[in-house]
Amino acid sequence: LLVAHFGPESRHYLQPVGPPIIDGRDCAGIEVDRHPEIEIVPDPPEKAGDDRIAAALGALSLDATVPWIVADLGTAMTCNAVTPAVGSKLPRFEGGLIAPGLLMSLKALSAQTAQLPDLAESPDDASEQHFIGRNTEEAMRWGVNVSQIATLLAMIEGQRAIRPAHRLGGSR
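If you're wondering where the values come from, they're calculated on a predicted model, not measured in any experiment.

A. Spatial organisation of unusual backbone geometry. Residue D43 is joined to P44 through a cis peptide bond whose omega torsion reads -5°. Tracing the backbone shows P44 in the loop between strand 5 (39–40) and helix 1 (50–62).

B. Here's a closer look at the pattern of salt bridges. Taken as a whole and judged by the stated rule, the model has 3 salt bridges. Here E39 ties to R92 by a salt bridge, and the two come within 3.5 Å at their closest N and O atoms. You can see E39 sitting in strand 5 and its partner R92 sitting in strand 8 (residues 92–100), a full 53 residues away along the chain. Judged by relative accessible area, R92 falls into the partly exposed class, the value being 29%. In the salt-bridge network here, residues are joined through shared partners; they are E39, R92 and E94.

C. Fine view of the pairing of strand 6 (residues 68–73). Of all the 6 residues making up strand 6, 5 are buried; the element is thus mostly covered by neighbouring parts of the structure. Both strand 6 and strand 7 (residues 76–83) contribute to a ladder of 6 bridges, which runs antiparallel. Residue pairing for strand 7: I69 is matched across the bridge by A81. Here strand 6 hands over to strand 7 after 2 residues, the two strands then running antiparallel side by side.

D. Highlighting helix 3 (residues 136–162). Between the first and last C-alpha of helix 3 there are 39 Å, a value that for 27 residues agrees with the 39 Å anticipated at 1.5 Å per step. Those residues of helix 3 that fall on the buried side of the exposure criterion are E138, M140, R141, W142, V144, Q148, L152, M155, I156 and Q159. Capping the start of helix 3 is the job of one residue whose side-chain oxygen sits 3.1 Å from the backbone nitrogen of E137: N135.

E. Fine view of the confidence of the model for the protein. Scored by pLDDT, the protein has a mean of 78; 69% of the residues are at 70 or more. For the protein, per-element mean pLDDT is lowest for strand 2 (residues 12–14), which scores 38, and highest for strand 8, which scores 95. Low pLDDT, under 50, characterises residues 1–17; the stretch is placed with 44 contacts to residues that sit more than four places away or in other chains. A low-confidence stretch, residues 166–172 (pLDDT under 50), is modelled with 21 contacts involving residues beyond four sequence positions or located in other chains.

Reading guide: rules and limits
Residues numbered from 1 in each chain as written. Predicted model: local features only at pLDDT ≥ 70, side-chain atom pairs only at ≥ 80, totals over all residues. Heavy atoms only, no water. Helix = DSSP H or I, 4+ residues; strand = E, 2+ residues; numbered from the N terminus. Salt bridge = Lys/Arg side-chain N within 4 Å of Asp/Glu carboxyl O. Buried < 20%, exposed > 50% of the residue type's maximum accessible area, 1.4 Å probe, protein only. Pairing = 2+ DSSP bridges. Expected span 1.5 Å × (residues − 1). Polar contact = N/O pair within 3.5 Å; in protein donor to acceptor, adjacent residues only side chain to side chain. pLDDT = per-residue confidence, 0-100. Contact = heavy atoms within 4.5 Å.

Okay, here's the thing in structure tokens:
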């Protein structure tokens, strides 16, 4: 889970994704609040994933006064917009983007092309930090990494474009 907000001092938090929620209980059998104190905008709201709502609530618990982009980089990459409460209104889970994650992208490249190798089981050698691939394997890895970064940056810039400047960074 990567969380970033629009504040003047950019904050980023890394946290692993928790256990799946099944029938209103997590894997430890603890009751889960199915009616969190957040407005869920996507239609229908009950289809918004528990993991996405939990991440939104986690971001708000860090700072409930600023808008957030919450990104979960796993099998799939989700980038979600969360806006703070205004007046008596609840904070809002606005929705977001769902894209293939790094491993899924690498698997798709090898499965859907004639000559690209399957890198799913090979280690990623991050010792070379030159940002472009000097061979096929590096080009594939950099390609999927940069696509993830570009997706996140596009989501952040898109939200900045539709939010008035005075709402960014927590000042209202």
